[in-house]
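Structure at a glance
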Amino acid sequence: MNERELILGRIREALKVPAPLPGHHGDERSSLTSATVPTQVRQWLPAIGESFADRVKAFRRKCSELKADFHALDSEGDCVKLLTDVRDREQWKRLGAHRGDLTDFVCSRLGLPICNTDKGYDVAGLESCDAGLTECDALVAQTGSVLLTSRSAGGRALSVLPPHHVVLARREQLVRDLPEAFAVLKKKYGSNYPSFISFITGPSRTGDIERILVLGAHGPKKLTICCF
Amino acid sequence: MKPAQQFKTQATVMTHDLHHRELIHTALSKYEAVRDQSKAAYQDWQAARQAAAEAKWEAVNHLDEYLVEFSNKLEARGTKVHWASTGLQAKEIILGIIREKKARSIVKSKAMTSEEIHLNEALAEEGFEVVESDLGEFIVQLRKEPPYHIVFPAMHLTRGEISELFARELGSAPTQSPEELTMIARRVLRQKYIRADIGFTGANFAVAETGMISITENEGNARLTAALPKVMISLLGIEKVVPRLEDLALLLPMLSTIGTGQPLTCYNSFYGGPRQPGEPDGPDEFHVVLLDNRRTELLADGEQRDALHCIRCGGCLNVCPIFRNVGGHTYHTTYSGPIGSVITPHLRGLQEWKHLSFASSLCGACTETCPVKINLHHHLLHNRRNAARQKPSMFEKVAFKLFAFVINRPSLYRSSKRAGRLLQIFHPLVKGTRFDPAYAWTKTRDLPPIARQTFKEYWRQRS
């Protein structure tokens, strides 16, 4: 018998003894009845309003707590204008990006050499980029998170290797809370999930030295989110 | 030295170390403030705890089914799943992969399971270069010591100590700035990432429904570990399973809230396989090693099975008055604090580790803070009971026999009371010295005086 069968055998043997349900000490039923699926998660997590204005307000507040830059803009044109300013201020020389409607539009107008990750790339080349430009799957108002995957955001490294991560999102991608973001994932990818999915909540950080916050531990020191 | 003796000796030293106490107090006060703020934002924290506990209950109590589902889903997309009954087997599997790939350097992100099986030592012995990439883990690795805390590995060090360490080991210029220290580590580790052949990680959750592991972190080191090297290996305990992907909508924010006090940590990432067709990067090979290492023994104990619900947030360590005074290294266990005291006797032997269950004031702060409602302080009592049942203490047996003998004979009881009152007059002569029969108690505590009058005498006089 192999280890898999041995371990599963030990588990089955062990589970012959019932365990009390959580919060019901001494009550030894073998399966849960009503609340098995946490369908009401939304009722317990921090409350977020339903309207677009509420979502923007919550997302903005979270971003300021997280030290991420959030810009709710009117058009692609405004976005290009904003990023042109950032490009000049931070003296970007080279940009990492992937192919997509939003990224293509912005890249074409920033006029910088682009390291494209879609067809594979040189790690040292991507590492030397000043910023990584990606799209995403959703923005989460409740937590200030960006939800992205290897399919929507040019792979695993583009959003973590360059020192500045710039996210481009459509207004309708701003969802209320985590349960809704998980629903987006399920709907969009169903049974064929990308191999990498991440909730990115603010720029990379650490508190490992005396619990003092430092931004840019291993990942980006800056996170800019443009929503239009 | 036996573990119990070692614990006692070191605990005595640590409780008198005011510098240590101050450091831990400062760090944890900051944590408590943000944790309470994050908790207060929940509409119903108690209901969330109950639901989280039920999700983990469901997974642990149908562990065989969910593990099979998890492993099948992963394998269907090209992941190789390995099963290891013992730490030794897990090490052999991991070493086997590394040898086969002819790899030289391994970059690791934080994994307590690897501490549990002493993986780094095994890899170093075989001549492989292993680098811990989490800043706290990197620091304690340079100091050649185990992590102090399961979430904050370098919590016991000051920036001055870290600066000296970096100057000595990395040749960097001394600095008092946490930011500069972090950047020194970032520069050193970036080079390691680019050269590494193998990326090694742990996991916080294993999603059965979709066949994914979930990794929670702040720094981005686990993300780089899973993105750049050509081979990725993840080691996880079999109890990490959750049934559905949506369960994480609750468990991820709760883990963060109690773990670090953040509403959500910076990166919560799910990995469901090696690089898939059409994806630009990620490892060509993904290996998941499932580790039992006596978890099934704990599983067989219905009463304490909920200890396998643990999501390793470290919350119970942070609120534990014992942990805060004796510190993480005093335990000499992989998992310290209340959860460590509960599970270590199951993982390493009850008789040798039962002393941890006595190092508790039974205040219940751990049980109250636990996001998945593990009945921690009651389990400490269960361990004490099981230990006594398995191997009764001779001294206690004799003491209770003697007590029963005296209490069953009223005249003997009366005269022993009188004798006690008389002898107590002389107690101050030996109090707190080795000649004191109550030394174990009186070396750090007062012995209350025996009342001048018994209740019976008082009652008789009154009427």
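Remember, it's a predicted structure, so these values are computed and weren't measured experimentally.

So, about the overall build of chain A. Within chain A, the secondary structure is distributed over seven helices and 12 strands. The globule rule puts the C-alpha radius of gyration for 228 residues at 17 Å, and the 22 Å found for chain A is more than 25% above it. When its C-alpha atoms are laid out on the principal axes, chain A stretches across 65 × 50 × 45 Å. Taking all 228 residues of chain A together, the buried fraction comes to 49%. Counting contacts in chain A only where the partners sit at least 6 residues apart, residues at least 24 apart contribute 68% of the total.

A separate point is the confidence of the model for chain B. When pLDDT is averaged across chain B, the result is 95; 100% of the residues are at 70 or more. Confidence estimates for the predicted assembly give a pTM of 0.93 and an ipTM of 0.95.

Read from one edge of the open sheet, eight strands run β8(A)-β5(A)-β6(A)-β9(A)-β9(B)-β6(B)-β5(B)-β8(B), paired in mixed fashion. Each edge of the sheet is formed by a strand with only one pairing partner; in this case those strands are β8 (174–175) of chain A together with β8 (241–242) of chain B. On top of the sheet, helix α7 (residues 178–189) of chain A reaches β5 (138–140), β6 (145–149), β8 and β9 (196–200) of chain A; it is set at about 165° to β5(A), its chief contact.

Ranked by internal contacts, the top residues of the largest apolar core, which has 183 residues, are Leu139(A), Ile225(A), Leu63(B), Leu251(B) and Val289(B). Looking at this core, you find at least three residues from each of domain 1 (1–41 + 307–391) and domain 2 (45–293) of chain B. The contact partners of Leu63(B), leaving out residues within four places of it in the chain, are Ile11(A), Leu15(A), Ile238(B), Val241(B) and Leu299(B).

Turning to the packing of helix α4 (residues 76–90) of chain A against helix α5 (residues 101–110) of chain A, a few remarks are in order. For any two helices packed against each other, the geometry is given by the interaxial angle and the distance between the axes. Residues and elements named next belong to chain A. Taken N-terminus to C-terminus, the directions of α4 and α5 make an angle of 50°; their axes are 10 Å apart at the nearest point. On the basis of their axis angle, the class for α4 and α5 is oblique. The two elements α4 and α5 cross, and the hand of that crossing is right-handed. Judged by residue contacts, Glu76, Cys79, Val80, Leu83, Thr84 and Arg87 of α4 engage Phe105, Val106, Arg109 and Leu110 from α5. When grouped by side-chain class, the residues that make up the contact of α4 with α5 number six nonpolar, one polar and three charged.

Further remarks concern the interface of chain A and chain B. On the side of chain B, 82 residues touch chain A, which itself brings 68 residues to the contact. A per-element tally of the side of chain A that touches chain B places helix α1 (residues 3–14) of chain A first, with nine residues. Pairing geometry for β9(A) and strand β9 (residues 267–271) of chain B, over five bridges, is antiparallel. Within β9(B), the residue paired with Ile197(A) across the bridge is Phe270(B).

Although it is not a glycine, Lys67(A) sits at a positive phi angle of roughly 60°. Tracing the backbone through its elements, the reader meets Lys67(A) in the loop between α3 (52–66) and β1 (69–72). Non-glycine residue Asn293(B) carries a positive phi angle of around 45°. Mapped onto the elements, Asn293(B) comes out in the loop between β10 (285–291) and α13 (295–299).

Residue and element names in this part refer to chain B. One way to put it is that helix α3 (residues 45–61) packs onto helix α12 (residues 248–259) with a least axis distance of 10 Å and a crossing angle of 115°. Our pair here, α3 against α12, has a crossing hand that is left-handed. Contacts from Ala48, Ala51, Ala52 and Ala55 in α3 reach Leu250, Leu251 and Met254 in α12. Classifying every residue of the contact of α3 with α12 by side-chain character gives seven nonpolar, no polar and no charged.

Domain boundaries assigned for chain B yield domain 1 (1–41 + 307–391), domain 2 (45–293) and domain 3 (403–462). For domain 2 of chain B versus domain 3 of chain B, the distance between C-alpha centres works out to 57 Å.

Strand pairing in a sheet relies on backbone hydrogen bonds, with the paired strands running either antiparallel or parallel. Residues and elements named next belong to chain A. Taken in spatial order, the six strands of this open sheet run β1-β12-β7-β4-β2-β3, and their pairing is parallel. Every interior strand has two partners, whereas the edge strands, β1 and β3 (114–116), have only one. Ignoring which end each strand starts from, the neighbouring axes of this sheet average 20° apart. Bridge count between strand β2 (residues 95–97) and β3: three bridges; the pairing is parallel. Residue pairing for β3: Ala97 is matched across the bridge by Asn116.

Cut-offs used in this document
All chains use their own residue numbering, which begins from 1 and follows the written sequence. For naming, the first written chain is A and the first written ligand is 1, with later ones following in the order written. Owing to the predicted nature of the model, reporting of local features is limited to residues with pLDDT of at least 70; listing and counting of side-chain atom pairs is limited to 80 or more, with chain, interface and lining totals taken over all residues. A run of H or I in DSSP counts as a helix once it spans at least four residues, and a run of E counts as a strand once it spans at least two, with each numbered from the N terminus. For the radius of gyration, the atoms used are the C-alpha atoms, and the globule rule reads 2.2 Å times the number of residues raised to 0.38. Neighbour density around each residue's C-beta defines its exposure: 20 or more other C-beta atoms within 10 Å make it buried, 12 or fewer make it exposed, and counts between make it partly exposed, where C-beta atoms are placed from the backbone. We call two residues in contact when the distance between their C-beta atoms, placed using the backbone, is within 7 Å. The pLDDT value expresses, per residue, how confident the predictor is, ranging between 0 and 100. We treat two strands as partners when DSSP finds at least two bridges between them. Angles run from 0 to 180 degrees between N-to-C directions of axes, and those axes are lines fitted to C-alpha atoms, restricted for helices to the stretch in contact. Joining buried Ala, Val, Leu, Ile, Met, Phe, Trp, Tyr and Cys residues through C-beta atoms within 7 Å gives a set, and that set is a nonpolar core. An automatic or database domain assignment supplies the start and end points of every domain. Between 65 and 115 degrees an angle is taken as roughly perpendicular, under 35 as roughly parallel, over 145 as roughly antiparallel, and anywhere else as oblique. The hand of a helix crossing depends on one turn: near helix anticlockwise from the far one by less than a right angle means left-handed, and clockwise means right-handed. Residue polarity follows a fixed list, in which Ala, Val, Leu, Ile, Met, Phe, Trp, Tyr, Cys and Pro are nonpolar, Asp, Glu, Lys and Arg are charged, and the others, Gly among them, are polar.

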